Amino acid sequence: MVTKDTMSSLEVRNWLLDQPEGETLLRCYQCGRCTSACPVADIEPSFNPRLFLQKILLSDELIAEEQLVWNCLTCEQCEVRCPEHVKIPHILILAKVRGLMKGNVPAAALDRARNILSIGRSLEVSSPMLKTREKMGLPDLGTPPMDQIVAMLVDIGIVGKIEKAESIYGGTENE
Amino acid sequence: MKKLFLCTCNKTLNKWLDLERIQKEIGSTFESVKVHDALCLEEGLAFLDSEVSKDDAIVIGACTSQIIGVPLERRLKTEQVSFVPIREHVAWVHKEDKKSATNKAIILLQDGAIHVNHMEPKTAVDLQIEKKILVVGGGLAGLKVASDLVQLGVEVTLLEPPEFNKDDYVEKNQFMADSSTLKDTVNGLLATSKGAKKLNGTVTSLSGRAGLFSVIIKLDDGKEMDLLVGAIVVATHTEQSAPSLAKTSLYGKSENSVLISELATLASNKSGKTILVAQDPTYHESDAEGSYLLREVTQAAEKGNTVIVAHFNIYTKDENLYRKARESGVIFVRGTLEKVDKKKDQFVCRLENTLESQVREFTVDYIVLQPERKPWSGTRKLANTLDLNLDQSGFIKTRYSKMKPVQTSKRGIFIAGNAKTPMNLNDALASASNASLEVFKNIIAEGERKGWIPVIDEEQCDLCEACVNACPNDALRRDEDLIKHVPMNCEFCGICVSACPTRAIEFQSHKKDSWLARIEAIGANHKKLEGKKPFTLVYACSECANASIDQAGFTGKGYPTGTYVLQFPCAGMVSPIEILKGLVEGAEQVIVAHCPPGGCHHQTGDHLSELVVKFTQDMLTSIGQDPSRIKATYMIAALPNKMQEEVAHRG
Amino acid sequence: MTKNAVVIGAGLAGIQVSQQLTDLGITIHLIEKEPIIGGLSTYLGRVFPTGDCALCLDASNEMYDGHHRKCQYRGLVTEKKNLKLYTQSEVKSITEADSGFKISIKSEPRYVNLDRCVVCLECIDVCDVEVADEYALRGGTRKAIYRPIPQGVPHAPLIDLEHCTKCGKCVDVCKVNAIDLEEKESSKTINTDAVIIATGVEEKIPLDFPGYEYRTSDDIISHAELARMLDPTGDTNGVVTTSAGDVVSKVTMVLCVGSRDKTAFEYCSQACCTYSLKHAEMLRELGIDVTICYMDIRVPNHSFHYLESSIEKGVKFIRGKPDKVVVRSGKPVTVVEDTQSQKLMQIESDLVVLASPLAPLGIGNDPVSAFLGEYGFAQRVVKERKVYACGTATGPTDIPTSIAEANAVALRVYSDLKGGI
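Definitions and limits used
- Residues numbered from 1 in each chain as written.
- Chains lettered and ligands numbered in written order.
- Predicted model: local features only at pLDDT ≥ 70, side-chain atom pairs only at ≥ 80, totals over all residues.
- Heavy atoms only, no water.
- Helix = DSSP H or I, 4+ residues; strand = E, 2+ residues; numbered from the N terminus.
- Buried < 20%, exposed > 50% of the residue type's maximum accessible area, 1.4 Å probe, protein only.
- Contact = heavy atoms within 4.5 Å.
- Areas by Shrake-Rupley, 256 points an atom, 1.4 Å probe, with all protein chains shown as cover.
- Lys, Arg positive; Asp, Glu negative; His and termini not counted.
- Charge placed at Lys NZ, Arg CZ, Asp CG, Glu CD.
- Buried area = accessible area lost by both parts, 1.4 Å probe.
- Salt bridge = Lys/Arg side-chain N within 4 Å of Asp/Glu carboxyl O.
- Nonpolar A, V, L, I, M, F, W, Y, C, P; charged D, E, K, R; others polar.
- Pairing = 2+ DSSP bridges.
- Axes fitted to C-alpha atoms, helices over the stretch in contact; angles between N-to-C directions.
- Core = buried A, V, L, I, M, F, W, Y, C linked by side-chain atoms within 4.5 Å.
- Phe/Tyr/Trp six-rings, centres within 6.5 Å; stacked < 30°, edge-to-face > 60°.
- Disulfide = S-S within 2.5 Å.
- Parallel < 35°, antiparallel > 145°, perpendicular 65-115°, else oblique.
- Left-handed = near helix turned anticlockwise from the far one by under 90°.
- Polar contact = N/O pair within 3.5 Å; in protein donor to acceptor, adjacent residues only side chain to side chain.

## Structural notes on the overall build of chain B
Each helix and strand in chain B was counted, giving 19 helices and 31 strands. A principal-axis box enclosing the C-alpha atoms of chain B has dimensions of 100 × 60 × 55 Å. The buried share of chain B, taken over its 651 residues, is 64%. Within chain B, contacts between residues separated by at least 24 positions form 70% of all contacts whose residues are at least 6 apart in sequence. Surface exposure of chain B reaches about 23300 Å², of which carbon and sulfur atoms provide 48%. When the 78 positive and 84 negative side-chain charges of chain B are each reduced to one mean point, those points stand 3 Å apart.

## Details of the interface of chain A and chain B
Each partner contributes residues to the interface: chain A has 22 residues there, and chain B has 21 residues. For the chain A and chain B pair, buried surface summed over both sides reaches about 1900 Å², with 48% attributable to carbon and sulfur atoms. Inspection of the chain A/chain B interface yields five salt bridges. With a closest N to O distance of 2.9 Å, Glu 356 of chain B and Lys 55 of chain A form a salt bridge. Of all the secondary structure elements, the ones that give two or more residues to the side of chain A that touches chain B are β1 (2-4) and α4 (49-57) of chain A. Per-element accounting of the side of chain A that touches chain B gives the leading share, five residues, to α4 of chain A. The class makeup of the residues in the side of chain A that touches chain B is 10 nonpolar, four polar and eight charged.

## Some thoughts on the pattern of salt bridges
The tally for this structure, following the rule as stated, stands at 74 salt bridges over all chains. The residue Asp 160 of chain C makes a salt bridge to Arg 142 of chain C at a minimum N-O spacing of 3.0 Å. Of the two residues, Asp 160 of chain C sits in the loop between β13 (158-159) and α5 (169-173) while Arg 142 of chain C sits in strand β11 (residues 141-143), which places them 18 residues apart along the sequence. When salt bridges with common partners are traced through the structure, they connect Arg 33 and Arg 81 of chain A together with Asp 323 and Lys 324 of chain C into a single cluster.

## Quick notes on the sheet that holds strand β24 (residues 351-354) of chain C
All names here are of chain C. Strand order across the open sheet formed by five strands is β17-β24-β18-β19-β20, with parallel pairing between neighbours. Edge positions in the sheet fall to β17 (220-222) and β20 (316-319), since each has one partner strand and no second. Within the sheet, the average angular offset between the axes of one strand and its neighbour, ignoring direction, is 25°. As defined by bridge partners, strand β18 (residues 250-254) adjoins strand β19 (residues 289-294) across five bridges and the pair is classed as parallel. Residue pairing in the sheet places Val 254 in a bridge with Cys 293 of β19. Where helix α7 (residues 272-285) meets the sheet, its contacts fall on β18, β19 and β20, and the angle it forms with β19 comes to roughly 165°.

## Thoughts on the nonpolar core
Residues Leu 17, Ile 60, Val 277 and Tyr 539 of chain B together with Ile 196 of chain C are the most contacted members of the largest nonpolar core, which totals 278 residues. Per-element tally for this core: the top contributor is helix α12 (residues 425-443) of chain B, with nine residues. When sequence neighbours within four positions are dropped, the list of residues in contact with Ile 196 of chain C reads Ala 5, Val 6, Val 7, Ile 8, Val 17, Leu 21, Tyr 388, Cys 390, Val 409 and Val 413 of chain C. Judged by nonpolar contacts, the second largest core, of 27 residues, contains Cys 38, Ile 56, Leu 94 and Ala 95 of chain A.

## As for the sheet that holds strand β16 (residues 331-334) of chain B
All names here are of chain B. Here five strands make up an open sheet; going across it, the order is β13-β20-β14-β15-β16 and the pairing parallel. The open sheet has two edge strands, β13 (257-259) and β16, and neither has a second partner. The sheet shows a mean angle of 25° between the axes of neighbouring strands, direction not considered. Where strand β14 (residues 274-278) meets strand β15 (residues 306-311), five bridges bridge the pair, whose relative direction is parallel.

## A short note on the packing of aromatic side chains
All names here are of chain B. Evaluated as defined, the whole model comprises 15 aromatic pairs over all chains. A ring pair is formed by Phe 164 and Tyr 169, whose centres lie 5.0 Å apart and whose planes are at 75°; its orientation type is edge-to-face. Judged by its relative accessible area of 0%, Tyr 169 is buried. With a centroid separation of 5.3 Å and 45° between ring planes, the pair formed by Tyr 539 and Phe 568 is classed as tilted.

## With respect to the pairing of strand β3 (residues 57-61) of chain B
All names here are of chain B. Counting buried positions along β3 gives five out of five residues, so the element sits mostly inside the fold. Burial along β3 is two-sided: Ala 57, Val 59 and Gly 61 facing one way and Ile 58 and Ile 60 facing the other are all buried. Sheet topology note: the strand β1 (residues 2-7)/β3 ladder contains five bridges and is parallel. Bridging from a neighbouring strand, Lys 2 pairs with Ala 57 of β3. Pairing of β3 with strand β4 (residues 81-84) involves four bridges; the strand directions are parallel. Residue pairing across strands places Gly 61 opposite Val 84, the latter belonging to β4.

## What to know about the state of the cysteines
The term disulfide refers to a covalent linkage connecting the sulfur atoms of a pair of cysteines. Under the criterion given, the structure shown has zero disulfides over all chains. We note that Cys 600 of chain B lacks a disulfide partner, and the nearest cysteine sulfur, in Cys 570 of chain B, lies 4.1 Å from it.

## With respect to the packing of helix α5 (residues 140-151) of chain B against helix α7 (residues 179-192) of chain B
When two helices pack together, their arrangement is given by the angle between the helix axes and the distance between those axes. Residue and element names in this part refer to chain B. It is at 8 Å that the axes of α5 and α7 come closest, and there the two elements cross at 40°. As the angle between them shows, α5 and α7 are arranged oblique. The handedness of the crossing between α5 and α7 comes out as left-handed. Together, Leu 140, Leu 143, Lys 144, Ser 147, Val 150 and Gln 151 of α5 and Leu 182, Thr 185, Val 186, Leu 189, Leu 190 and Thr 192 of α7 make up the contact between the two elements. Tallied by class, residues from the contact of α5 with α7 come to seven nonpolar, four polar and one charged.

## Examining the interface of chain C and chain B
Accessible area lost upon the coming together of the parts serves often as the stated size of an interface. Facing 92 residues of chain C, the contacting portion of chain B comprises 91 residues. Summed over both sides, the interface of chain C with chain B buries roughly 7900 Å², with 54% coming from carbon and sulfur. At the boundary of chain C and chain B, one finds seven salt bridges. Between Arg 116 of chain C and Glu 43 of chain B there is a salt bridge; the shortest N-O distance is 2.7 Å. Linking chain C to chain B there are 29 residue pairs in polar contact (both at pLDDT 80 or more). Every element with two or more residues in the side of chain C that touches chain B is listed here: α1 (12-23), β3 (46-47), β4 (52-53), β5 (56-57), α3 (76-79), α4 (122-126) and α10 (399-418) of chain C.

## Focus on the environment of Ser 187 of chain C
All names here are of chain C. The topology assignment puts Ser 187 in strand β14 (residues 186-192). Residues Ser 187 and Ile 124, 63 residues apart in the sequence, show an inter-C-alpha distance of 28 Å. Beyond its immediate chain neighbours, meaning those up to four positions away, Ser 187 contacts Ile 105 and Lys 106.

## A look at the packing of α12 of chain B against α10 of chain C
Packing of α12 of chain B against α10 of chain C leaves a shortest axis separation of 7 Å and a crossing angle of 60°. On the basis of the axis angle, α12 of chain B is oblique to α10 of chain C. In this structure, α12 of chain B crosses over α10 of chain C, and the sense of that crossing is left-handed. Between α12 of chain B and α10 of chain C, the contacting residues are Asp 427, Ala 430, Ser 433, Asn 434, Ser 436, Leu 437, Glu 438 and Phe 440 of chain B on the first element and Thr 401, Ala 404, Glu 405, Asn 407, Ala 408, Ala 410, Leu 411 and Tyr 414 of chain C on the second. A class-by-class count of the residues in the contact of α12 of chain B with α10 of chain C yields eight nonpolar, five polar and three charged.

Geometry only, nothing functional implied.
Right, here's the structure in full:
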């Protein structure tokens, strides 16, 4: 497959470089250490942080449609190991933002966002999880202060954005 | 008088050698036999001072001549000395068998006695040296050599190529450094080299010898001039040519497909253009060219152009150049330009980005190629005239790439800078000063140069010129009906001796008869002392092979007794006759040990001795003998186990 | 008046510059902190680009003899009249004085007198103390009186007093009275016209580069350590073994460990590509499978044949910088993305060799470090007519480039001190 002329405008690349710390991307020399450091890549062979960086460097608009980016756990192992100190997790977040801007958000990500709005957590805590915590001697989780969370999210305007993305993306009700 | 001195090395050698038996059995061979416990120390040297007179011939049975030879050379009154390394070659490697080791020591000491019989005084060589230098320039290094030497008060002629002018120093060397550094350096050197006589022309012939070369130069105005110089430095420049990628890239067909030397002009006029810079994967670029590419693309990007570099390897000594290029926005794609289509004023370039296994197309305004950097076009002709060897890429070859970076195959001729390979400014200046140093050492040389030289028997010589062709140093020349020796070029290797089919060349102190007598005596003495036990002869060169055999002793890499090492000046001196003589005298095995492949100190001895052994093996095969009884191999000090590996192990 | 110069560091460049200057009539004080000269090369055995001994040197005792070569082992370095070698010595201070410098040095005792020792090695034989040999990787030992490597110059042994029991056996057996167990450290001040820094580089032991478990496994080693194993005089007799003692059949090499890396050493160490290829070729000759993980292959033209022959001999190349080497079931596993197939590889091998950065040694010496610049490397001419540097003290590089620079600096020093004919 031939990918034609991603470079006629350097839109994605330039946009990302303009974001705070986005210009650290330029230091990347594609050594691949990030990918070999990545715990997600270890279990999901098609998740390749270096390749994401390469596509952004080449201003490939397809990065905005790249749903795999959302698999990043932001564990920052790649950044710790990067010999050129590229802020890789941050750049992948910017790639997600780019996806958001284009309305390309995976359902799972929206689900998590909705969970926070409704229960104050990205994941619903199941009773086996609570049992495990108890066995491990971890403290009680308590109840998230929903009022405050919702107020804060409304305050920074996230709620509206999620609703908007949902309507574009057509996320399903899940209650 | 013939005297033997034995050293016990702090009374230790008697652990492995029966020194009393040695004295008893060998006593009749020498007029006197003296034993000392530390010949290498001051008391030992003083002892030798009192015991040895100028006319004595002496054999020293001690440690290797590599160690004891150094202080002795300064102290001994006689030049007739044979060293028998009874420590490294006998005691330390045959610790398990005192009787046989003692036998071996006796046999080798007897060999030393014969050796010293044939020893002649060294011949002093005429050291007349012309204290003027010719620099064949064009490269920046030439200017540097001229500058160095002028400042040292040496008379220098700097011959620049026809129609070369001083602007060319910057013009043709852009790749060597950033332009302001380059300009400053050239201006500085032009000022400091003012005292050199500058000419434009070509060298058309060379005669004479190292230290006294006669050069004929054809000048730009057609006149010829004759120049007498002591040494020559070749410091020519490089030229760029379109790479094999040129055709694909429409280079020559479109004015917007150019070489990287034009990128700066292109970028200074325009900005906002898209430029694809392509490396040629079939060409191995130097760090200087890699750095040049990085500097140029950075500048073009800083001027506001989009620059894409299609590369397969980034090579620079300055990692920050690469960092700066990336940070200035240059886009690096690891792949080779495969296809270019013209589309209106633009090019559609297709290449596979190997780092994403994806074919990509880029539409660009300009294609810029990294050229191949070749030696100056006159190099081949110059090398022919000066009798220099070229490497695979057509640059002038050095004599020994590790430790002799400016020496050529010819004595008295040196190279500097880009004559050797494309270099960055810093390395080229170092290379130039290195050449200046060698030249300077040559012309301030004083005293005499001594060595054993080949002597040609006019009666036996049939003028076949085999020796002339074999001599690696141009030290033998045909002069009408004679072969003449040029001592100043000679390195005393003896390769001419084995090359001569009529055996007309005798090497001082190593006459043919001396080898035959020594081999015969070793065979006879071995039979006398060791009976029917098989034995091995090792004909070792006195450079790497001998060092390796010494190291076998130091590292305790023992090998069977009945192994006798004969030291040849160079393995290239060994002819089939000495090999066959060894077999005739009963050796089970004859090993010719030389320097590592391509590493002969005399340039060709490793190769020649392999040929001689192969040839002798073929002879053995044709008369129904076992050719595996003889072999050639390399030995080096870093591999002291070589003797252990090569010498046949017997039950 | 005879001019003199102090050369700090007796590695290849320091020896070369000293030899050249003594040939030109300048008196040299050559100061070396180790007991033997040769620097990094003493570890290496065979070196590129010629594949012969590291010890091979240009020691031209004859002026005109610009072509012959001799080796360190063949004595001349220590036998030159106007060259004074100080081993186990360090520069303590450098002060400007009159037209030159006053340099004070401190020398550790060797306990063996170099002028008396005949190198019979009897002392080593009788010594009862056996300790781990720092040059050996696979459990080799040495005595308390020992020679670091067989080819080491000066040849005389030295005593490691930390382990010596002062039993006196070596003293008794040394009939030439070369051993003095009570020798004290000594100090000396040298007045000199010029200083030449030739402090060189060391292969930085990759202890603290995250990811590469050098500390935890003896099967993850550096190139200097591999070179010792490949050396037939080493404790393995040239056999490449694992820490368990098995003969190795598969080796993975990692390039740029800590080089070209903002977290460790920003610069390219320049020589590691070539020596990795050299070692890869030597391993292939032993029938060992070799994989090299690289980013760019940077070999100068005079060493390009190593790349060609490595490819020809079947060395495998993976373009990617491994994140880590981990030990799984006792074997080192290299985790790397093959960036050209975009596949994450887990390469199990018997041995992993890390190409560690070449770090400047001058930086560890106070008076010398004052003359160093970026990254701890010096300029060729640090101070006009006074302080010079050559060899890897000016930046990591290979032997031919070091030698050319040493020769160039020798000419510069001569020209500055003596002016010319």
